[in-house]
Amino acid sequence: MAREVFRHRRRFNPTLVRLRQMARLAASGIRILGPGELPEGFLDLPDPPGWLFVEGDPEVLARRPAAAVVGTRRPSPEGLRAARALVEAIARVPGTLLVSGLAPGIDREAHRAALALGIPQDAFLGHGLGRSTDPEARALRARIAAGGGAVASERFPEEGGAAGPSWPAIG
């Protein structure tokens with residue numbers, strides 16, 4: 001067995017495997033930011049991420065001021081109106097970054113309102129960027145990344161979230 005592994009060591013070389021993974025991610029539009037590349041403020045967090053995986057413009061992550069709008073996945077009509085009103089208030093402070101999680105409900109309403117108002121935004125996901133989400137989330141992700149925003153996660157691309165549903169991987 002050891003001879004077989006040694007003979008095929010190129011296939012088992014962790015550095016080569018990691019380089020292949022990074023090349024695949026780069027080809028799919030995902031950029032990896034390591035500790036020396038993390039946006040300002042991230043290393044000041046009590047539990048800073050070791051890396052970030054980003055679609056879109058990683059420079060957006062350093063913008064300040066930033067405001068988060070997050071909430072329930074099953075909002076009332078009043079809750080949706082309140083989310084839109086919060087985003088409209090954020091829009092009155094030029095250059096403010098909207099941060100939300102792209103979850104159904106309040107998060108997505110905030111992202112839709114920010115897109116409509118041209119607000120820079122970051123969708124910070126609780127699962128890896130390679131995990132499949134529903135068609136509406138995929139469409140919003142694409143619009144955010146293509147519109148000068150960022151979609152980011154500290155989880156490896158195929159990693160699921162700490163809680164909630166485990167989405168099937170994108171093939």
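As shown above, the structure is provided for reference.
**Considering the sheet that holds strand 1 (residues 30-33)**
- Spatially, 6 strands are ordered 1-2-6-5-4-3 in an open sheet, and the strand pairing comes out mixed. Looking at the sheet topology across the chains shown, the edges are occupied by strand 1 and strand 3 (66-68). Pairs of neighbouring strands in the sheet enclose a mean axial angle of 25 degrees, with direction left out of account.
- Pairing of strand 1 with strand 2 (residues 52-56), which is carried by 4 bridges, proceeds in the antiparallel orientation. Paired with leucine 33 across the two strands is leucine 52, which belongs to strand 2.

**Overview of the packing of aromatic side chains**
- Across all of its chains, the model carries 2 aromatic pairs by this definition.
- Between the aromatic rings of phenylalanine 53 and phenylalanine 156, the centroid separation amounts to 5.5 Å while the plane-to-plane angle is 50 degrees, which identifies the pairing as tilted. Of this pair, phenylalanine 53 sits in strand 2 while phenylalanine 156 is found in the segment after strand 6 (150-153), placing the two residues 103 residues apart along the sequence.
- For phenylalanine 53, a relative accessible area of 3% gives the class buried.
- Taken together, Trp51, Phe53 and Phe156 form an aromatic cluster joined through their ring pairs.

**Some thoughts on the packing of helix 4 (residues 77-91) against helix 5 (residues 106-117)**
- Across the interface, helix 4 lies against helix 5 with an axial gap of 9 Å and an inter-helix angle of 40 degrees. Considered as vectors, helix 4 and helix 5 are oriented oblique to each other. The way helix 4 lies across helix 5 gives a crossing that is right-handed. Together, Gly79, Leu80, Ala83, Arg84, Val87, Glu88 and Ala91 of helix 4 and Ile106, Glu109, Ala110, Ala113, Ala114 and Leu117 of helix 5 make up the contact between the two elements.

**Focus: the pattern of salt bridges**
- Tallied over the entire structure, the rule returns 9 salt bridges.
- As a salt-bridge pair, arginine 31 and glutamate 37 come within 3.9 Å of each other at their nearest N and O atoms.
- A relative accessible area of 44% places glutamate 37 in the partly exposed class.
- Of the charged contacts in the structure, one is a salt bridge between arginine 112 and glutamate 136, with a shortest N-O distance of 2.3 Å.

**Re helix 6 (residues 135-146)**
- Under the 1.5 Å per step criterion, the end-to-end length of helix 6 is 16 Å for 12 residues, consistent within 8% with the ideal 16 Å.
- Taken as a whole, helix 6 has its buried residues at Ala137, Leu140, Arg141 and Ile144. One face of helix 6 carries all of its buried residues, which in axial projection span an arc of 105 degrees. Exposed residues lying more than 90 degrees from the buried face of helix 6 are Pro135 and Ala146.
- For helix 6, the elements touching its buried residues are strand 2, helix 5, strand 5 (121-124) and strand 6.
- The backbone nitrogen of glutamate 136 lies 3.1 Å from a side-chain oxygen of the residue at the head of helix 6, namely aspartate 134.

**Details of the pairing of strand 4 (residues 97-100)**
- Both strand 3 and strand 4 contribute to a ladder of 3 bridges, which runs parallel. Each residue of the ladder has a partner; that of alanine 67, found in strand 4, is leucine 98.
- In this region the chain leaves strand 3, passes through helix 4 and returns to the parallel neighbour strand 4; the handedness of that crossover is right-handed.
- Relative to strand 5, strand 4 is paired through 3 bridges, and the arrangement is parallel. When the sheet's bridge partners are listed, valine 99 is paired in strand 5 with aspartate 122.
- A crossover links strand 4 with its parallel partner strand 5, the connecting element being helix 5, and its sense is right-handed.

Cut-offs used in this document
Residues numbered from 1 in each chain as written. Predicted model: local features only at pLDDT ≥ 70, side-chain atom pairs only at ≥ 80, totals over all residues. Heavy atoms only, no water. Pairing = 2+ DSSP bridges. Helix = DSSP H or I, 4+ residues; strand = E, 2+ residues; numbered from the N terminus. Axes fitted to C-alpha atoms, helices over the stretch in contact; angles between N-to-C directions. Phe/Tyr/Trp six-rings, centres within 6.5 Å; stacked < 30°, edge-to-face > 60°. Buried < 20%, exposed > 50% of the residue type's maximum accessible area, 1.4 Å probe, protein only. Parallel < 35°, antiparallel > 145°, perpendicular 65-115°, else oblique. Left-handed = near helix turned anticlockwise from the far one by under 90°. Contact = heavy atoms within 4.5 Å. Salt bridge = Lys/Arg side-chain N within 4 Å of Asp/Glu carboxyl O. Expected span 1.5 Å × (residues − 1). Arc of directions from axis to C-beta. Polar contact = N/O pair within 3.5 Å; in protein donor to acceptor, adjacent residues only side chain to side chain. Right-handed = clockwise from strand over helix to strand, strands pointing away.

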